[in-house]
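Chain residues, written in single-letter form:
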Amino acid sequence: MGNTDTKLVFRKAIVQLTTKNQKIDATDDAFWDQFWSEHSTNVQDVFALVPPNEIRTLRQDNPTNLATLLYKATERLVRAVDNSCRTQAEQQIVLNCVRLLQRILPYIFEDSEWKNFFWSQLPSGNAGDDTSTPLAQSLLNAICDLLFCPDFTVVATRRAGPDKAEELTNIDSCEYIWEAGVGFAQSPPKHSHMESRRTELLKLLLTCFSETMYRAPSTSEEPNKWIAHFTSAENRHALPLFTSLLNTVCAYDPVGFGVPYNHLLFTDSMEPLVEVCLQMLIVTLDHDMTLNSPTTAAYDETTLGDNLFINYLSRVHRDEDFDFILRGITRLLNNPLVQSYLPNSTKRLHCHQELLVFFWKICDYNKKFLYFVLKSSDVLDVLVPILYHLNDSRADQSRVGLMHIGVFILLLLSGERNFGVRLNKPYTATVPMDIPVFTGTHADLLVTVFHKIIATGHQRLQPLFDCLLTILVNVSPYLKTLSMVASIKLLHLLEAFSTPWFLYSAPDNHHLVFFLLEIFNNIIQYQFDGNSNLVYTIIRKRHVFHALANLPSDMSGISRCLSNRKVPRRAAPAAIVATKAPPQDADEEDEGESEEDNKSDTIVEEESMEGSKPAQPAEPGTLKVSLLDTPALGQMTERESAHMSSSQSQEAPPLCDISSTLSTLSCEDEKSEVSSTKSQTTSPATSPKGPAPALKRAVAQRGSIRVTATSGAGSAAHVWTPTPEWVASWRAKLPLQTIMRLLQVLVPQVEKICIDKGLTDESEILKFLQHGTLVGLLPVPHPILIRKYQANSGTTAWFRTYMWGVIYLRNIEPAIWYDTDVKLFEIQRV
C-alpha cells in the first residue's frame, strides 16, 4: 500500500511540473525531493509514470522546470558521491535519479534546441559547484565514481575498524575491477543486487552516449562529446572501467554449473550486465571520431582527446590475455548452437550481433589478436557460429544487417593465408543446419552455406554475392580437398551465373563468373593433387565451360538470349539457380552427362543435417531498422599478391563493385516485444528523415520478395541494354585457358578408360584422377591474388548505424528509445 502512495506522490509531482505557466522555484527542495527521496519506484514504473507526451510538453511549455529537474537530479548524484553513498536511503536516491534521467535524456537529444544543454556552463552562485564544469561532465564523473562505490556496486575490501570508511572520490578503483581476467587476477565475490545496480548505471551511460542516434547519417561522424569525455584521460576510472567491461563479458559462462533448467529456477543478474557491458564496449570502441574529423574544429578542444579504450585494446599483447578474450567470445557465440537432449534445458543468449561487432573491433584495432586467432584452429570456433547465423538468417529480411557483418568478418579473415589453411580441418556436424549432409572439411561447410545463401536467400542479399565469392577466391589456393557436395555446389553456381540471359541482363553480372573461374584456376594450379572430386565435376560439367567460351556476341544473339529469360532482370537468386542453362555447343555425350548430373545433384540435396530447420522469413510484428548502403567492394579491399609478382598482377580479373543501389539493410529483432501491434502485412514506411538519400525503403508483403529501385542508378540499370562491344570487352578476358587445357588433356584419358574397362562406377574414375598429374601440361601458374579488407569511411559509418540499430532493438525492458525521433536510421514494422 505504501508503495502505491509513493507512486501517487511521484505522479502528482510530474503533473505539477508539467502544468503550463507554473514555474517551480529551484530552491524549493521539498518539491524536488519528491522525485527521488520518498519512493522506491522501479525503472518500469518510472517509464510508465512519465509518459512521452508529458516530457515533450514540459520541454516545450516549461523549459525552465525541465532544466531545473535535470540539474537537480545531476546535483543529487554528485552529492551522493561526495557522501560516499553509504546509507541505504542515499543508495535508493541514486537509483531513482538514474531511472528518471534515463527516461528523460532521449527527449533532450531529439530536440536540436536542447542539444548543447548538458554542455553549457552550470548556473553560478551555487556553493561548492565548479561553474567551469559542464553538467554532462559532472554527470559522467558521478556515474563513473558510483560504478566503483564500496557496498553499493562493489564489495568493500577495507578491513573493519575506524579506517573502514573510504572517501569515494579518493579510492583507487583499480582495486575494485569487477572480474578477473585481463590485467586483474582476483575474482571478487558475486552479489546479484550489486550486478543489477551496475546494469542500471551502465544503461544510463549508454543513454548519454545515444546522442549519436539523433543525428542524421551525414553528421554521424561528428565527435560525440559524451563518449569523448568518458574515454579520455579526464575520466580517472577509464582503465578500470575498460578492464571491468572486457573481463565481465569474456568471463561470463551462461551454462554455469551445467544443471539443466537452472536458468528457469534462478534469476541470472549477470546476463543483463554482460549485455550492457558488451554494448558499452562496442559504442566506446567506435572509431576515434575526435581525430581526422573535418568537424573537430567546431568543438572545444578541451573536451576532446584520444580514445583511451581504443588505446588499451590495441596494447593488449600477452597470449594468455588473447586466449581469455577469444575463449570468452567463442563460448558466448556458440551458446545458441549448443544442443542437448532436453529441450530448452540450457540458457540461450541473444547478444550474438553485439559479439560479432566486438570481435570485428578487436581484430581491427589489435592485429596481434587477429594473428593469434588465426595461429590455431580456434578460428573455426568463430567461423561455425557465423556460418550458422548466415544460413539461419538468409530468408529473413529483418536480419540483413546480421548477414552483412558475418560476411564482413569472413572477408577480413580470408585476407590472411592461415585462415585458408585452417579450413582444411575436418568438420564434424555438431550444429543442425538445413544443408546437405557431407563428409569433409570446414572449407566444404563454407562453400555449402555460401551456395545456400545465394540459391535460397532473399533478393536483397544480391549485393553480397561479390563478397561471398571474394572470400572463396581468397581461400581457394589453400583448399587441399573439396568434397563432392562442395564441388557440385561450385559448378552449380557457375552454371547459374553463366546463363546468357543472366550475363546480359546487368552490366556487372559477368564479374561473378570471373570470380568463380578464378576459384577453379587457383585450385587446379595449386591444389590439383587432392581435388579429384572437383576435377571430376568439371569434366562432367564441361558443357558449361564450352558454352561460356562460345557466348553469342552479335546483336541478334544477345537479343535472342535476353528474350529467352524466364525471370525479370536482376532476378531473385533462387530463381536464377533454379533455371538451368541450356547446353550450347556441347556434344551429345555432354547432354547425356548433364542429365545424369542433375540426377546426382538431386540425390545430394535430399538429406539435411539432423535436427535442422529451414530458415524462416521475418515474422509479422517484428521491427527492423534501416541502415546505410554497403560500400563498394573495390573500396573495401586491396589486392595483395602472395607471390609478390607485380608484373603479373595486372592479369587478375577486375574487382567488382557491390551495387550502389543496395536496398535497406536491417538489424535483427528479438521477436520485438516493443511492437504493440502485430499486422500480417507491412505498413507503408514513412519517408526518409533528413538529408539521407542512402536510407531508402523497400516495402514487401509477407510471403513476397520485391526490391524497389532506390536511385537513378537503379532505374538506369533496369533499362540497360548490352552491346556487342561490351560483350567483346570482357569475353576475351575470361580466364578459361587453364580449365580448357585440363579438359583437353583429361577428357580423352577418362573416355579411354571408360571404354577400355567398361567403367560405369565413378569411384574408379576418381581413383584414376587422384593418381593423375598435369605437371608441365598446364599454363604457367598465375600469382595468388588476395583481396584484403582495408578500413574505409563507408564501413565505419555502416558499423556505427548497424551497432546503434542493434542497441535500439535490444533495449526493450525498458524501451529506452522507443517512440523517440531517431534520425540515424528508421524503424519499420514488418
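In this text the structure is predicted, and so the values were computed from the model without any measurement. (Residues numbered from 1 in each chain as written. Predicted model: local features only at pLDDT ≥ 70, side-chain atom pairs only at ≥ 80, totals over all residues. Heavy atoms only, no water.)

Caption draft 1: Highlighting the overall build of the protein chain. Regarding its fold elements, the protein chain presents 35 helices and six strands. Within the protein chain, buried positions represent 59% of all 830 residues. A sequence separation of at least 24 residues applies to 81% of the contacts in the protein chain between residues at least 6 apart. As displayed, the protein chain has an accessible area near 33300 Å², and 52% of this comes from carbon and sulfur atoms. (Helix = DSSP H or I, 4+ residues; strand = E, 2+ residues; numbered from the N terminus. Buried < 20%, exposed > 50% of the residue type's maximum accessible area, 1.4 Å probe, protein only. Contact = heavy atoms within 4.5 Å. Areas by Shrake-Rupley, 256 points an atom, 1.4 Å probe, with all protein chains shown as cover.)

Caption draft 2: Expanded view of the packing of aromatic side chains. If you walk through the whole model with that rule in mind, you get 34 aromatic pairs. Relative to Tyr 802, the ring of Trp 798 lies with its centre 5.0 Å away and its plane at 15°, an arrangement referred to as stacked. Taken together, the positions of Trp 798 and Tyr 802, both in helix α35 (residues 793-810) and four residues apart, correspond to about one turn of that helix. Pairwise contacts between aromatic rings join Phe 109, Trp 114, Phe 117, Phe 118, Trp 119, Tyr 214 and Trp 226 into one cluster. (Phe/Tyr/Trp six-rings, centres within 6.5 Å; stacked < 30°, edge-to-face > 60°.)

Caption draft 3: Seen up close, the confidence of the model for the protein chain. The pLDDT averaged across the protein chain works out to 77; a share of 74% of its residues lies at or above 70. The spread of mean pLDDT over the elements of the protein chain runs between helix α29 (residues 588-605), the lowest at 39, and helix α10 (residues 238-251), the highest at 95. Taken as a whole, residues 290-305 scores under 50 in pLDDT and shows 28 contacts with residues more than four places along the chain or in a different chain. Across residues 643-717, confidence stays below pLDDT 50; counting only partners more than four residues off in sequence or on other chains, it has 184 contacts. (pLDDT = per-residue confidence, 0-100.)

Caption draft 4: Local environment of the packing of helix α4 (residues 52-61) against helix α5 (residues 63-82). α5 packs onto α4 with a crossing angle of 110° between their chain directions and a minimal axis gap of 5 Å. With respect to α5, the element α4 is oriented roughly perpendicular. Contact residues: Leu 58, Arg 59, Gln 60 and Asp 61 in α4; Pro 63, Asn 65 and Leu 66 in α5. Looking at side-chain class alone, the contact of α4 with α5 contains three nonpolar, two polar and two charged residues. (Axes fitted to C-alpha atoms, helices over the stretch in contact; angles between N-to-C directions. Parallel < 35°, antiparallel > 145°, perpendicular 65-115°, else oblique. Nonpolar A, V, L, I, M, F, W, Y, C, P; charged D, E, K, R; others polar.)

Caption draft 5: Representation of helix α12 (residues 270-284). Along its 15 residues, α12 runs 21 Å from first to last C-alpha, staying within 8% of the 21 Å computed at 1.5 Å per residue. Burial analysis of α12 places 14 of its 15 residues in the buried class, the great majority of the element. (Expected span 1.5 Å × (residues − 1).)

Caption draft 6: Highlighting unusual backbone geometry. With an omega dihedral of 0°, the bond running from Glu 813 to Pro 814 counts as a cis peptide bond. With respect to the helices and strands, the residue Pro 814 is situated in the loop between α35 and β6 (827-829). Positive phi, close to 45°, is recorded for Cys 85, a residue that is not glycine. For Cys 85, the position within the fold is in the loop between α5 and α6 (88-109). Residue Asp 151 is not a glycine yet carries a positive backbone phi of 70°. Counting through the fold element by element, Asp 151 comes out in the loop between α7 (135-146) and α8 (192-209). Overall, Asp 151 belongs to the partly exposed group, its relative accessible area being 43%.

Caption draft 7: Spatial organisation of the packing of helix α25 (residues 532-540) against helix α26 (residues 542-549). Where α25 meets α26, the axes come as close as 4 Å, and the angle between the chain directions of the two elements is 60°. On the basis of their axis angle, the class for α25 and α26 is oblique. Mapping the contact onto sequence places Ile 538, Ile 539 and Arg 540 in α25 and Arg 542, His 543 and Phe 545 in α26.

Caption draft 8: Up close: the nonpolar core. The biggest cluster of nonpolar side chains holds 241 residues, and the ones touching the most others in it are Phe 35, Phe 118, Phe 209 and Leu 410. Residues in contact with Phe 209, not counting those within four places in the same chain, are Leu 140, Asn 224, Trp 226, Ile 227, Phe 230, Met 280, Val 283, Thr 284 and Trp 804. (Core = buried A, V, L, I, M, F, W, Y, C linked by side-chain atoms within 4.5 Å.)

Caption draft 9: The environment of Ser 220, seen in detail. Here Ser 220 shows up in the loop between α8 and α9 (225-230). Once the C-alpha coordinates of Ser 220 and Arg 800 are considered, the two residues, 580 residues apart in sequence, prove to be 8.3 Å apart.

Caption draft 10: Just the pattern of salt bridges, in detail. One pass over the structure, following the stated rule, counts 28 salt bridges. Residues Arg 59 and Asp 111 are paired through a salt bridge, measuring 3.2 Å at the closest nitrogen-oxygen approach. Of the two residues, Arg 59 sits in helix α4 while Asp 111 sits in the loop between α6 and α7, which places them 52 residues apart along the sequence. Measuring nitrogen to oxygen at the nearest pair gives 3.1 Å for the salt bridge that ties Arg 810 to Glu 275. A residue pair is termed long-range when its members are at least 10 positions apart, and Arg 810 in helix α35 and Glu 275 in helix α12 qualify at 535 residues. Across the pair, Glu 275 and Arg 810 agree in class, each one buried. (Salt bridge = Lys/Arg side-chain N within 4 Å of Asp/Glu carboxyl O.)

Caption draft 11: Examining α5 more closely. For α5, with 20 residues, the first-to-last C-alpha span of 29 Å sits near the 28 Å given by 1.5 Å per residue. α5 sits mainly inside the fold: 14 of its 20 residues count as buried. Ser 84 occupies a position one or two residues after α5 and carries a positive phi of about 60°.

Caption draft 12: Summary view of the environment of Glu 416. With respect to the helices and strands, Glu 416 occurs in the loop between α18 (400-414) and α19 (417-422). On the basis of relative accessibility, which here comes to 16%, the residue Glu 416 falls in the buried class. Along the primary structure Glu 416 and Leu 374 are separated by 42 residues, whereas in three dimensions their C-alpha atoms are 8.1 Å apart. If we ignore the near neighbours within four places in the chain, the residues touching Glu 416 are Leu 370, Tyr 371, Leu 374 and Lys 788.

Caption draft 13: Spatial organisation of the state of the cysteines. What the rule picks out here adds up to zero disulfides. Looking at Cys 149, it has no disulfide partner, and the nearest cysteine sulfur is the one in Cys 85, 4.6 Å off. (Disulfide = S-S within 2.5 Å.)

Caption draft 14: Quick look at the side chain of Ser 398. Tracing the backbone through its elements, the reader meets Ser 398 in the loop between α17 (379-393) and α18. A polar atom in the side chain of Ser 398 sits 2.7 Å from the side chain of Asp 396. (Polar contact = N/O pair within 3.5 Å; in protein donor to acceptor, adjacent residues only side chain to side chain.)

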